[in-house]
Amino acid sequence: MPTGKLDKWQILLSEFDIVYITQNAVKGQALADHLAENPVGGEYEPLKTYFLDEEVSFVGEDITEAYDGWMMFIDGDANFKEVGIGVVLISKTGQHYPVSTKLRFPCTNNMVKYEACILGLNMAVDLNIQELLVIGDLDLLVHQVQGEWATKNFNILPYLYHVQELRKMFTTIEF
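Please read these numbers as outputs of a predicted model, since none were measured by experiment.

Caption draft 1: Quick look at the environment of Asp 68. The residue Asp 68 is located in the loop between helix H3 (63-66) and strand S1 (70-78) in this model. As for Asp 68 and Lys 92, which are separated by 24 residues in sequence, their C-alpha atoms are 5.9 Å apart.

Caption draft 2: Here's a closer look at the nonpolar core. Formed by 34 residues in total, the largest nonpolar core has its most connected members in Leu 121, Leu 132 and Phe 175. Put simply, the parts of the chain that give this core at least two residues each are S1, strand S2 (83-90), helix H4 (109-126), strand S4 (131-135), helix H5 (139-145) and helix H6 (157-167). Here the element with the most residues in this core is H4; it accounts for 9 residues. Those residues in contact with Leu 121, other than ones at most four positions away along the chain, are Met 72, Leu 132, Val 134, Val 163, Leu 166, Phe 170 and Ile 173. Among the nonpolar cores identified, the runner-up in size contains 5 residues, and Tyr 67, Met 71, Ile 90 and Ile 135 belong to it.

Caption draft 3: Geometry of the side chain of Ser 91. Positionally, Ser 91 belongs in the loop between S2 and strand S3 (96-103). A relative accessible area of 8% places Ser 91 in the buried class.

Caption draft 4: The arrangement of the sheet that holds S2 in detail. Taken in spatial order, the 5 strands make up an open sheet running S3-S2-S1-S4-S5, and their pairing is mixed. Across the chains shown, the open sheet's two edge strands, defined by having one partner strand only, are S3 and strand S5 (172-174). In this sheet, adjacent strand axes meet at a mean angle of 15° when their direction is disregarded. Of the strand pairs in this sheet, S1 and S2 are connected by 8 bridges, and their pairing is antiparallel. What sits directly across from Met 71, in S2, is Ile 90.

The rules behind each value
- Residues numbered from 1 in each chain as written.
- Predicted model: local features only at pLDDT ≥ 70, side-chain atom pairs only at ≥ 80, totals over all residues.
- Heavy atoms only, no water.
- Helix = DSSP H or I, 4+ residues; strand = E, 2+ residues; numbered from the N terminus.
- Core = buried A, V, L, I, M, F, W, Y, C linked by side-chain atoms within 4.5 Å.
- Buried < 20%, exposed > 50% of the residue type's maximum accessible area, 1.4 Å probe, protein only.
- Contact = heavy atoms within 4.5 Å.
- Pairing = 2+ DSSP bridges.
- Axes fitted to C-alpha atoms, helices over the stretch in contact; angles between N-to-C directions.

Honestly, it's all geometry; don't read function into it.
Structure (structure tokens):
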């Protein structure tokens, strides 16, 4: 005699010729459903056209249109499992040079942003870039590098000094 809840439900539902089947691959099915609803064909439109009011979520000026030199976008994040950083260098002609890596040592989010900045600045030095615009999402790094804010955390000081040394290798660098 079946004793589990699912077994009891199957017995009760079998009276009405209803068969219960458990779903194993929800993620795969969601992907298949999405592909079935959005076939690639003559009438296919990219997903960005589905969001007609996307400019509403944009705040401020588009800095990429105002700057015609090399740009560097940096980001990183640390959580209890892993630490990752990413950098994208964009040339004057629009060529993208992305790189990302995982850090194998524990660090704070502020340290991660500095690691990403140092990785990107080293890439720019290797590519012999002289003028660079650095764009990131951490005010702390930007204001500390520009000397507007004091650095109170002793763990951040080596990172700050290294970024300031790398700044000297550029004729023009803006954060």
